[in-house]
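The chain contents come next:
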Amino acid sequence: MIQSGTAVWFAQHESRLAWRDWLAMMTAGRRERRRRVAIGIAVFVVVMHAVAYSVVGGFAAAPLDRQMLVGITVTLLLSWLLMVSQAMESMTRAFYSRSDLDLILASPVASQKVFAVRISTVTLSVAMMALPLAAPFIDMLVVRGGWRWLGAYGVIAAMGAAATALAVALTVALFRAIGPKRTRLVAQIVAAVIGAAFVIGLQVAAILSYGTMSRGSVLQSDAVLALAPDTASVLWWPARAVVGDGIALVGLVVASFILLGAAIAIVSPRFGEYAIAAASADSSPASQRRRSAAFRATSPRRALRRKEWLLLWRDPWLVSQTLMQMLYLVPPAVLLWRSFAAAGGGAFNLLVPVLVMAAGQLAGGLAWLTISGEDAPDLVAAAPVTGRLILRAKIEAVLGIIALIFAPLVAVLAIASPWHALVTGGGIVIAAASATAIQLWFRTQAKRSQFRRRQVSSRVATFAEAFSSISWAATAAVAAIDLWLAVVPALMALIVTGGARYLSPRKRPGE
Amino acid sequence: MSIPLPQFALEIRGLVKRFERPAVDGLDLAVREGEFYALLGPNGAGKTTTLRMIAGLIRPDAGSIHVTGIDALADPVAAKQVMAWISDEPMIYDKLTPREYLEFVAGLWRVEPALAETRARELLAWLGLAAHADERCESFSKGMRQKVALAGALVHEPRVIILDEPLTGLDAGSARQVKSVLRERALAGGTIIMTTHILEVAERMADRIGVIAHGKLIAEGTLEELRRQAGHSGNDATGSASGGASLEDTFLALVAEPAEAA
């Protein structure tokens, strides 16, 4: 029997909550779905292992030269930055999410124990998040290259610990530098930027140097290899640890966990103080005051659109998510600018699907927020307007934002290549409309704060939205080269969208 | 010579709604214009379902609903134009200020902007929210949020206000302000239909009280009429002849019978 109030007792409590949370997320809270989820996971594991088996062959027994060290190190760095981003978001939630914090802080238990356990939980969760994608590759490397590859699991644990330590340090530094009121928004934006910046930076470098969006061209370039340190350098330890270098692995694991331990020891005692400061910031309205403006003449449709835009604009978390999507548009924008200068048509072919895909994905997210994420559903439903008008206004709000973001890019493209602009514009409209329609068919009643879990409402909708965007992007890419050939991916996109319509609850009889 | 029919703000006939079991089971109800009507009943009696059907938030399986003579099932938009709905959970947006919220609601109900702005200013002042008019609602207490929702319900001057447990979770000061606003509204000719578990509120404020159990209206009338129906006339809870039984005694006596029968 574990003694109550101890760190182990809290860890047990947190694990139980995390497990139930995960289970509810996977099964959408329905017990009867557990079997299907288990089968789905099993299928995923098998498919991923099969994919990994075919991919890792060339690497399993490859010599550990400088090029391979660069490749592994950059992959690890990319994954680690994503872990830092994830850990930072979790840390922000730990400070600002009230849920059970009031109960715990009001109890006679030392809050540092709680925070120590929460930091450890974050470490575990960021490491676990990497496993579904990393484990199949590691397993297949073990199968094809030997036991030495098992060291990669240790590297993942070390990366999780180091990422959490850095996330804790960054969050607390922000807390001290800009205060609890601004930290929430800034931390979320920093988390999003960290997650995307490195990938985008590499792409921009590739475009500027080699005129391509491939990151590999930079990593395998002579310039990078010449700048890379000697193979004996400590900088390669993480890469060496992955391939089973015992000393490097132990060094990496020990160093990472020392960092994590230090973060826990330094920050935990002040957790209560930070949490209370965060709570106080919530109730202080000084910075939220806005200048009063006269009421504007408006119709219900305009009022609904304006409300949606205001809410989207004022949602810090959503701003960070949108910012990330926008950041991914930087490389194509740079490519556009560079190709515009060179007047080369080939580069535009790369640009078309990227823009179409981004539009579809952004529209899907925004459509969920406006259509399903209605915080006052009863108010809107009780208003003297038809349901059709409400939906129309919400769809207009989504498509308005998409137009605002993508129209300037298409306009610039039109100057350089009217045909590519036409195809891109058409693709953006269709991809955004498809993603919005899918969200409309699978609409549910939820709070905007549940945006992170929008996939839970329907996996069919999630996959249909992604595949529809991909198919329309492919259609636009092919259409940019050969209009008739585009019929094939267009048919695929129509089948995906039609299939989503057929499987949607709005189509099923009796609903 | 024809006798003029009483003008009902709300008239419900044979209303039925089934979920897994009947929630509302052939309910008949009529509320006169300018009346303050309290709907009481134990948990799960069908009060909220009834109000949600009136507000047009769920469709009944059978029956009819007329709001100020408008068939709410045939023309829900016209019926909603004269109604306001407030639930126990305030329906507001955290990221909007009270002023922005009222502007949005006025837009939904097509209220002329200058008029809406004047009403918004008056309502916010009346409810003690003027100082917070330009702050986002996310930091508001439950009482402040409920007052913002109430201001939203009143900004379009509805003829019928439907409230589901509007005083739940409010402190004494906020509850008094809300009650005062509702009373003023009723005095000005508005019709109030409200569910509440706070029997004292129904006893003090309502012109008539309806008691609902198992989806049916089991008793209706003024407090005195309810006492008679419950067999408590002239006696209080202790059986003495010193005064009438409290609404609590009357209510418990009324709902006990159907419960026992069930």
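Residues numbered from 1 in each chain as written. Chains lettered and ligands numbered in written order. Predicted model: local features only at pLDDT ≥ 70, side-chain atom pairs only at ≥ 80, totals over all residues.

Further remarks concern the overall build of chain B. Along the backbone of chain B there are nine helices and 10 strands. Evaluated residue by residue, chain B yields a buried proportion of 50% over its 262 residues. In chain B, of all internal contacts separated by at least 6 residues, the share reaching a separation of at least 24 is 67%. (Helix = DSSP H or I, 4+ residues; strand = E, 2+ residues; numbered from the N terminus. Buried ≥ 20, exposed ≤ 12 C-beta atoms within 10 Å, placed from the backbone. Contact = placed C-beta atoms within 7 Å.)

Attention now goes to the overall build of chain A. Helices and strands together make up the secondary structure of chain A, namely 21 helices and zero strands. The buried share among the 511 residues of chain A stands at 41%.

Let's shift gears to the nonpolar core. Counting 151 residues, the largest nonpolar core has Leu355(A), Val356(A), Ala359(A), Ala151(B), Val155(B) and Ile162(B) as its most contacted members. Those residues in contact with Ile162(B) that sit more than four places away from it in its chain are Leu51(B), Ile54(B), Ala55(B), Met83(B), Ala84(B), Trp85(B) and Ile193(B). By size, the runner-up hydrophobic cluster in this structure holds 66 residues, among which are Val117(A), Val168(A), Phe175(A) and Leu260(A). (Core = buried A, V, L, I, M, F, W, Y, C linked by C-beta atoms within 7 Å.)

Where a strand is regular, its side chains alternate between the two sheet faces. Residues and elements named next belong to chain B. Where burial is concerned, most of strand β9 (residues 208-213) is hidden: five out of the six residues are buried. Taken together, the four bridges between strand β3 (residues 36-40) and β9 define a ladder with parallel strand orientation. Bridged to Leu40 within β9 is Val211. As defined by bridge partners, β9 adjoins strand β10 (residues 216-221) across five bridges and the pair is classed as antiparallel. Each residue of the ladder has a partner; that of Ala213, found in β10, is Lys216. As consecutive antiparallel partners, β9 and β10 are separated by two residues, and within that stretch His214 has a phi angle of approximately 55 degrees, a positive value. (Pairing = 2+ DSSP bridges.)

Looking now at the sheet that holds strand β6 (residues 83-86) of chain B. All names here are of chain B. Spatially, six strands are ordered β6-β7-β8-β3-β9-β10 in an open sheet, and the strand pairing comes out mixed. Only two strands of the sheet have a single partner each, and these edge strands are β6 and β10. Sheet twist, expressed as the mean angle between neighbouring strand axes with direction ignored, is 15 degrees. Its contacts with the sheet place helix α5 (residues 142-154) against β6 and β7 (160-164), and it is angled at close to 170 degrees to β6. (Axes fitted to C-alpha atoms, helices over the stretch in contact; angles between N-to-C directions.)

Moving on, we come to the sheet that holds strand β5 (residues 70-71) of chain B. All names here are of chain B. The strand order across the open sheet formed by four strands is β2-β1-β4-β5, and the pairing between neighbours is antiparallel. Each edge of the open sheet carries a strand with a single partner, namely β2 (22-32) and β5. Alignment of strand β4 (residues 62-67) against β5, held across two bridges, turns out to be antiparallel. Considered in β5, the bridge of His66 is made with Asp71. Contacts between helix α1 (residues 47-54) and the sheet are confined to β1 (8-18), β2 and β4, with β1 contributing the most and set at about 120 degrees to the helix.

Quick look at the interface of chain A and chain B now. At the junction of the two partners, chain A supplies 30 residues and chain B supplies 31 residues. Breaking the side of chain A that touches chain B down by element, the ones donating at least two residues are α12 (300-313) and α16 (377-382) of chain A. Residue contributions to the side of chain A that touches chain B peak at six residues, all from α12(A). For the side of chain A that touches chain B, the per-class residue count stands at 15 nonpolar, five polar and 10 charged. (Nonpolar A, V, L, I, M, F, W, Y, C, P; charged D, E, K, R; others polar.)

To continue, consider the environment of Arg93(A). Here Arg93(A) is to be found in helix α3 (residues 66-96). With 91 residues separating them along the chain, Arg93(A) and Arg184(A) place their C-alpha atoms 8.6 Å apart.

Before going further, it helps to spend a moment on unusual backbone geometry. All names here are of chain B. Unusually for a residue other than glycine, Glu165 sits at a positive phi of about 50 degrees. In this structure, Glu165 sits in the loop between β7 and α6 (172-187). With 18 C-beta atoms counted inside 10 Å, the residue Glu165 sits in the partly exposed group. Despite not being glycine, His214 shows a phi value in the positive range, around 55 degrees. Along the chain, His214 falls in the loop between β9 and β10.

A few words now on helix α4 (residues 113-126) of chain B. Each full turn of the α-helix corresponds to 3.6 residues, which orients residues three or four apart in the same direction. Residue and element names in this part refer to chain B. Here α4 contains 14 residues, and its C-alpha end-to-end distance of 19 Å stays within 8% of the 20 Å for a straight helix at 1.5 Å per residue. Along α4, the positions that sit buried rather than exposed are Ala116, Glu117, Ala120, Leu123 and Leu124. The buried side chains of α4 occupy one side of the element, clustering within an arc of 135 degrees when seen end-on. Facing away from the buried side of α4 by over 90 degrees, the exposed positions are Ala114, Thr118 and Ala125. Turning to α4, the residues buried within the fold contact α3 (98-108) and α5. (Expected span 1.5 Å × (residues − 1). Arc of directions from axis to C-beta.)

This paragraph deals with the packing of helix α18 (residues 418-441) of chain A against helix α21 (residues 487-503) of chain A. All names here are of chain A. Closest axis-to-axis distance for the α18/α21 pair is 9 Å, and the angle between their directions is 10 degrees. Between α18 and α21, the interaxial angle falls into the category roughly parallel. Note on packing geometry: the crossing formed by α18 with α21 is left-handed. Along the contact surface, α18 presents Ser434, Ala437, Ile438 and Trp441, while α21 presents Thr497, Ala500 and Arg501. The class makeup of the residues in the contact of α18 with α21 is four nonpolar, two polar and one charged. (Parallel < 35°, antiparallel > 145°, perpendicular 65-115°, else oblique. Left-handed = near helix turned anticlockwise from the far one by under 90°.)

Look at α18(A): 34 Å from first C-alpha to last across 24 residues, which is about the 34 Å you get at 1.5 Å a residue. Within α18(A), 18 of the 24 residues are buried, which leaves the element mostly enclosed by the surrounding structure.

All names here are of chain A. With their axes 10 Å apart at the nearest point, α3 and helix α5 (residues 111-145) run at an angle of 145 degrees to one another. The two elements α3 and α5 meet at a crossing, and its hand is right-handed. From α3, Ser79, Met83, Gln86, Ala87, Ser90, Met91 and Ala94 reach across to α5, where they touch Arg118, Val122, Ser125, Val126, Met129 and Ala130. Residue composition of the contact of α3 with α5, by class: eight nonpolar, four polar and one charged.

This part covers the environment of Ile192(B). Residues and elements named next belong to chain B. Counting through the fold element by element, Ile192 comes out in strand β8 (residues 191-195). Take Ile192: there are 23 C-beta atoms within 10 Å of it, and that puts it in the buried class. Residues Ile192 and Ala206, 14 residues apart in the sequence, show an inter-C-alpha distance of 8.8 Å. Beyond its immediate sequence surroundings of up to four residues, Ile192 is in contact with Phe36, Tyr37, Ile161, Leu163, Leu182, Arg185 and Ala186.

This part covers the confidence of the model for chain B. All names here are of chain B. Averaged over all residues, the pLDDT of chain B equals 85, while 90% of them reach at least 70. Every residue in residues 234-242 is under pLDDT 50, and counting partners more than four places away or in other chains gives 12 contacts. Both confidence scores are given for the complex: pTM 0.69, ipTM 0.79. (pLDDT = per-residue confidence, 0-100.)

The next point concerns the confidence of the model for chain A. Confidence along chain A averages 80 in pLDDT terms, with 82% of residues attaining 70 or more. Low pLDDT, under 50, characterises residues 283-287 of chain A; the predicted model gives this stretch six contacts beyond four residues in sequence or across chains.

With that settled, consider the environment of Ala169(A). Residue and element names in this part refer to chain A. With respect to the helices and strands, the residue Ala169 is situated in helix α6 (residues 151-210). Classification of Ala169 as partly exposed rests on a count of 17 C-beta atoms within 10 Å. Sequence separation between Ala169 and Ile264 is 95 residues, and the spatial gap between their C-alpha atoms is 9.9 Å.

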